[in-house]
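Residue-level listing of the chains:
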Amino acid sequence: MKTKSFIISKWQVLKAYELVKANAGAAGVDKQSLSDFEQNLKSNLYRLWNRLSSGSYFPPPVKAVAIPKKTGGERILGIPTVSDRIAQMVVKMEFEPQVEPHFLSDSYGYRPNKSALDAIGVTRQRCWRYDWVLEFDIKCWLMAPMQMSNGEQVARGLGTPQCGVVSPVLSNLFLHYVFDKWLQKHYLKTPWCRYADDGLVHCQSEAEAIHMLEVLKQRFQDWGWSFIQ
């Protein structure tokens with residue numbers, strides 16, 4: 001009997017589907033909604049399990065959806081298909097418990113038992129001791145092609161889809177090494193806080209803040225990521 005390349009149980013795929021269903025969400029580029037997917041649920045889940053466990057699964061393009069930012073302009077979200085969200089959930093369920101224990105305590109974004117309020121709380125406490133704060137945002141891209149509203153597919157070379165199920169843990173893993181651990185090693189006495197791709201560094205003076213700005217710009221440029229102060 002031919003064995004599968006990866007040990008993935010059908011129950012894992014079913015559980016992933018249930019979690020995706022609980023989160024709802026819009027249809028992707030194939031225009032298949034959750035209701036449509038459920039019309040042939042058993043067959044769809046089996047097909048997905050077979051491709052995942054055999055190593056023949058490849059993610060389809062994500063659907064580009066523009067939403068307005070509070071600060072002006074637009075943010076482009078990448079909406080995966082229903083089946084791809086389930087596939088990503090399977091990976092997340094297996095992968096996240098393995099890497100989560102290695103993340104540092106000042107990383108708060110999309111992690112179990114941590115929240116934005118926790119990040120705000122620790123930042124408020126530190127602001128009593130540090131007069132300057134360098135706040136930054138990291139501009140991410142994605143590997144899967146993005147399909148625009150006119151049907152054009154745009155290739156991407158870096159990052160993960162902003163609405164991808166597995167995107168937060170992958171982003172945290174990348175930033176754990178590029179920012180968190182690096183800063184801990186080279187600037188041990190400099191407090192920092194990060195929530196996904198938004199972060200800040202506490203500084204004692206304006207000169208220190210300017211120095212950290214240039215240091216971090218170079219650090220992220222070396223890894224191919226844009227840095228927005």
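A short tour of the structure in this document, coming up. (Residues numbered from 1 in each chain as written. Predicted model: local features only at pLDDT ≥ 70, side-chain atom pairs only at ≥ 80, totals over all residues. Heavy atoms only, no water.)

## A word on helix 1 (residues 10-23)
Spanning 14 residues, helix 1 covers 20 Å between terminal C-alpha atoms, matching the ideal 20 Å at 1.5 Å per step. For helix 1, the set of buried residues is Val13, Ala16, Tyr17 and Val20. Within helix 1, the buried residues cover an arc of 105 degrees as seen down the axis, which keeps them to one side. Turned more than 90 degrees away from the buried face of helix 1 sit Trp11 and Ala22, all of them exposed. Against the buried residues of helix 1 lie helix 2 (34-38), helix 3 (41-54) and helix 4 (82-99). In the stretch just after helix 1, Ala24 is the one whose phi turns positive, near 60 degrees. (Helix = DSSP H or I, 4+ residues; strand = E, 2+ residues; numbered from the N terminus. Expected span 1.5 Å × (residues − 1). Buried < 20%, exposed > 50% of the residue type's maximum accessible area, 1.4 Å probe, protein only. Arc of directions from axis to C-beta. Contact = heavy atoms within 4.5 Å.)

## Remarks on the nonpolar core
By size, the foremost hydrophobic cluster in this structure holds 19 residues, and its most contacted members are Phe136, Phe179, Leu183, Val201, Leu216 and Phe220. Listed by contribution, the elements that provide at least two residues to this core are strand 3 (132-139), helix 6 (167-186), strand 7 (198-203) and helix 7 (206-222). Here the element with the most residues in this core is helix 7; it accounts for six residues. (Core = buried A, V, L, I, M, F, W, Y, C linked by side-chain atoms within 4.5 Å.)

## Let's talk about helix 7
Spanning 17 residues, helix 7 covers 24 Å between terminal C-alpha atoms, matching the ideal 24 Å at 1.5 Å per step. Ala209, Met212, Leu213, Val215, Leu216, Arg219 and Phe220 are the residues of helix 7 that are buried. Phi for Gly224, located one or two positions after helix 7, is positive at around 80 degrees.

## Some details on the packing of helix 1 against helix 4
Where helix 1 contacts helix 4, the axes come no closer than 8 Å and their chain directions differ by 115 degrees. Relative to helix 4, helix 1 is oriented roughly perpendicular. Note that helix 1 runs across helix 4; the crossing there is right-handed. Where helix 1 approaches helix 4, its residues Gln12, Val13, Lys15, Ala16, Tyr17, Leu19, Val20 and Asn23 are matched on the opposing element by Arg85, Ile86, Met89, Val90, Met93 and Glu94. Its residues assigned to classes, the contact of helix 1 with helix 4 comprises nine nonpolar, two polar and three charged. (Axes fitted to C-alpha atoms, helices over the stretch in contact; angles between N-to-C directions. Parallel < 35°, antiparallel > 145°, perpendicular 65-115°, else oblique. Left-handed = near helix turned anticlockwise from the far one by under 90°. Nonpolar A, V, L, I, M, F, W, Y, C, P; charged D, E, K, R; others polar.)

## Remarks on the packing of helix 3 against helix 4
With their axes 11 Å apart at the nearest point, helix 3 and helix 4 run at an angle of 50 degrees to one another. By the angle class used here, helix 3 and helix 4 are oblique. Crossing geometry of helix 3 relative to helix 4 is assigned as right-handed. Contact residues: Leu45, Leu48 and Leu52 in helix 3; Ser83, Ile86, Ala87 and Val90 in helix 4. Partitioned by chemical class, the residues of the contact of helix 3 with helix 4 number six nonpolar, one polar and no charged.

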